[in-house]
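One-letter residues, chain by chain:
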Amino acid sequence: MKIESLDLPDEIKRFYENSGILELYPPQAEAVEKGLLEGKNLLAAIPTASGKTLLAELAMLKSVLNGGKALYIVPLRALASEKFRRFQEFSVLGMRVGISTGDYDRRDEGLGINDIIVATSEKTDSLLRNETAWMQEISVVVADEVHLIDSPDRGPTLEITLSKLRRMNPSCQVLALSATVGNADELAAWLDAELVLSEWRPTDLMEGVFYNGIFYCKDKEKPVGQPTKDEAVNLVLDTIKEGGQCLVFESSRKNCMGFAKKAVSAVKKTLSNEDRETLAGIADEIIENSETDVSSVLATCVRSGTAFHHAGLTTPLRELVENGFREGRIKIISSTPTLAAGLNLPARRVIIRSYRRYSSDSGMQPIPVLEYKQMAGRAGRPRLDPYGEAVLLAKSYEEFVFLFEKYIEAGAEDIWSKLGTENALRTHILSTISNGFARTREELMDFLEATFFAFQYSNFGLSAVVDECLDFLRREGMLEKDPDALVSTVFGKLVSRLYIDPLSAALIAKGLREAGTLTELTLLHLICSTPDMRLMYMRSQDYQEVNDYVMAHAGEFSKVPNPFNIAEYEWFLGEVKTSLLLMDWIHEKPENEICLKFGIGEGDIHATADIAEWIMHVTAQLAGLLDLKGAKEASELEKRIRYGAAPELMDLLDIRSVGRVRARKLYEAGFKSTAELAAASPEHIAVLVGPKITERIFKQIGRREAVSEFSDIEPLEKGSSD
Ligand code: ADP
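Residues numbered from 1 in each chain as written. Predicted model: local features only at pLDDT ≥ 70, side-chain atom pairs only at ≥ 80, totals over all residues. Heavy atoms only, no water.

(A) Spotlight on the sheet that holds strand β10 (residues 221-223). Strand order in the open sheet formed by 8 strands is β10-β9-β8-β17-β14-β11-β13-β12, with mixed pairing between adjacent strands. Only two strands of the sheet have a single neighbouring strand rather than two, namely β10 and β12 (306-309). Here the average twist between neighbouring strands, direction ignored, is 25°. Relative to strand β9 (residues 214-217), strand β8 (residues 204-211) runs antiparallel, the two sharing 4 bridges. By the bridge assignment, Val-209 is partnered in β9 with Tyr-216. Across the sheet, helix α9 (residues 253-268) touches β11 (246-249), β12 and β13 (332-335), and the angle it forms with β12 is around 170°. Across the face of the sheet, helix α14 (residues 397-409) comes into contact with β8, β9 and β17 (387-393) while running at roughly 160° to β8. (Pairing = 2+ DSSP bridges. Helix = DSSP H or I, 4+ residues; strand = E, 2+ residues; numbered from the N terminus. Axes fitted to C-alpha atoms, helices over the stretch in contact; angles between N-to-C directions. Contact = heavy atoms within 4.5 Å.)

See the structure below:
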């Protein structure tokens, strides 16, 4: 089916034709035949890189040109930025594109001027809770990676959000994009959608198992040279020799780094001079962006053409690695499966070095087929590679047979709704009532009838859980006591708008009510004791130190559990460890020191601080509403967590491009506030933080006239993690 033949305005057709897309891929053509451009609901369950985004684009452009508005829901922030950048290309067609991933308690009415809005599912849920007016104008909603409904963490939010959007805008077109899953037909039926189910791919994918020096696929065998002792390194070299790149998936961060280091000496020999030069530039940028031990290892690897990628790295570092790979300079990335979860980063060969993952209930277990397919699907760059190869490694014949049967020959598993627990439902029930979607228990059950859970299991399964949630919400004062009507209290409404788990809100309210003196530690531990916080894992070497800390500061915790109650006490120590990380952060401990002390990466510090800042914000709001102590203290701590610094730096830190390290430098040199900076000589500041930053500082504090010729002044020290 030619683009030319589509029922779309000429300018859109020209747009695609100019970018080299003349003909639809077969699954895309099927989607059009099934009503994509006529506003029909559609579920496309097709492999990665087979053009799902294009389907979304066509539906969105068509709808917007008919006066509608499109919402594109993604699971990850990084993915939101990727899609946003892509859709901005439509500005030549007069489209306005917006992105919303940030604060959870804002309406973001301003976003409504856009025609296409990209948001994470959590942000979409929060926009709904805050009754953002433009949500009612949405005419097409795209749910990307909709198979994540199966995820216990994020699935329930996606499911409820889709149900609410459909209830609010019954005529809105729903386009769901999914990996191939076992029960795609069931998912489609839930969405009242036509189904496009296909295994078609634009580049051939050879899936197989490597055993005893040979890569076995279904209908092909390929011997691989063995220049080194490591099979995976040999597979990498084989691909580089053929002009391709590799993604290597590992189960742990440590192994990621280990493999990138291991491959250095062999990969280095394959580099051209041009490669080396560009790689050196990327490595320098890595060092400029971060001063941790991990980033210096990363820089060393990158100079030799290898890299690792996981959530412990900061976003700028991950982006440097991704771009270096896209440009073809970095030859291999060894990654945890996070990279497989959506980022558009294909490679000629994907090597899955570890197909097992640790789970706390059952030890090391083989990953689901769905996850394997997500990783394997990254193999083969469309239009660049002649084919893609996905390789599993077997050490024995038995393992070879097992891997072939489990992953190559079997289809992906069914997906299942995870909505049916009190933990998943509590927050959504409160928001459903607060937003007026349900005013009685019957209306609530009626609303829940529209979820995938009810579709799969029947509403009956939900009834008992719903009652438990309603009891909890009434007991905690978030719903009025009236047994016949469902009405949220002012407290309940605020909890819903703040996008916090009602259990967290109840714990915070109780903690503030019962606290004696409120120290930094008391408040930090209070937020770490809520289920919304992501706690750090206790390593065996942590116990002594954290336990000693608890003994020395026992009076500052709302309650210290009995150490003989081992499970509860251990959980508590995890909360304290996380509080100690935040404590170091707001007392300006250097990031590298924090990383080494807690055995984490910089990315983890920032992710923990992000969540903590939000829960501290919630704490300040709740204390204000309920007239409890701590509102002012929490508000101050919220800001300190955002910047990772002591109180005296807050004024300086309000200036963009001044981070904690630069602010401290300025402060120690006697520039303690924006007012003092405003009176300073630009040359003096440039010596401290460099000319570029000085220029930015002066622009912001309104002294444009001060920004003159001082660009040849070098800063005293190079590099900071600001
Ligand atoms: P998915 O979302 O399924 O992972 P994308 O939509 O990102 O895949 O498509 C992968 C690549 O294929 C993109 O670079 C896209 O421009 C290109 N592409 C999509 N459809 C076509 C087509 N019909 N013809 C040529 N290239 C296409």
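(B) Fine view of the pattern of salt bridges. Throughout the structure, instances matching the rule amount to 51 salt bridges. Arg-357 serves as the salt-bridge partner of Glu-371, at 2.1 Å between the closest nitrogen and oxygen. Of the two residues, Glu-371 sits in helix α13 (residues 369-376) while Arg-357 sits in strand β15 (residues 356-359), which places them 14 residues apart along the sequence. Residue classification places Glu-371 among the partly exposed positions, given a relative accessible area of 28%. Bridged by salt links that share partners, the residues Lys-222, Asp-238, Lys-241, Glu-242, Arg-348, Arg-349, Arg-381, Asp-385 and Glu-389 form one connected network. (Salt bridge = Lys/Arg side-chain N within 4 Å of Asp/Glu carboxyl O. Buried < 20%, exposed > 50% of the residue type's maximum accessible area, 1.4 Å probe, protein only.)

(C) The packing of helix α21 (residues 520-528) against helix α26 (residues 631-643), seen in detail. At a minimum axis separation of 11 Å, α21 and α26 run at an interaxial angle of 75°. Classed by the angle they form, the pair α21 and α26 counts as roughly perpendicular. Residues Glu-520, Leu-523 and Leu-524 of α21 form the contact with α26, whose own contacting residues are Glu-633, Ala-634, Leu-637, Arg-640 and Ile-641. Residue composition of the contact of α21 with α26, by class: 5 nonpolar, no polar and 3 charged. (Parallel < 35°, antiparallel > 145°, perpendicular 65-115°, else oblique. Nonpolar A, V, L, I, M, F, W, Y, C, P; charged D, E, K, R; others polar.)

(D) Inspection of the domain arrangement of the chain at higher detail. Considered domain by domain, the chain is made up of domain 1 (3-197), domain 2 (204-409), domain 3 (422-498), domain 4 (502-644) and domain 5 (652-706). Inter-centroid distance (C-alpha atoms) of domain 3 to domain 5 is 51 Å. (Domains from an automatic or database assignment.)

(E) Representation of the site of the ligand in the model. In the vicinity of the ligand lie 14 residues, with Glu-23, Gln-28, Ala-49, Lys-52 and Thr-53 positioned nearest. In this structure, Glu-23 approaches the ligand through a main-chain N or O atom, which is 2.8 Å from a nitrogen atom. Gln-28 is positioned such that a nitrogen or oxygen atom in its side chain is 2.9 Å from a nitrogen atom of the ligand. Isolated, the ligand exposes 560 Å² of accessible area, and the fraction of that covered by the protein chains is 79%. Ranked by the residues each element gives to the shell around the ligand, the list is headed by helix α3 (residues 52-65), at 3 residues. Classifying every residue of the shell around the ligand by side-chain character gives 6 nonpolar, 5 polar and 3 charged. (Near = heavy atom within 4 Å. Polar contact = N/O pair within 3.5 Å; in protein donor to acceptor, adjacent residues only side chain to side chain. Areas by Shrake-Rupley, 256 points an atom, 1.4 Å probe, with all protein chains shown as cover.)

(F) Quick look at the sheet that holds strand β7 (residues 194-197). Here 7 strands make up an open sheet; going across it, the order is β3-β4-β2-β5-β6-β1-β7 and the pairing parallel. The sheet is open, and its two edges are formed by β3 (97-100) and β7, each paired on a single side. On average, each strand axis in the sheet is inclined to that of its neighbour by 15°, with strand direction left out of account. Strands in contact with α3 are β1 (42-45), β2 (69-74), β4 (116-120), β5 (138-143) and β6 (173-178); relative to β6, the strand with the most contacts, it is inclined by about 170°.

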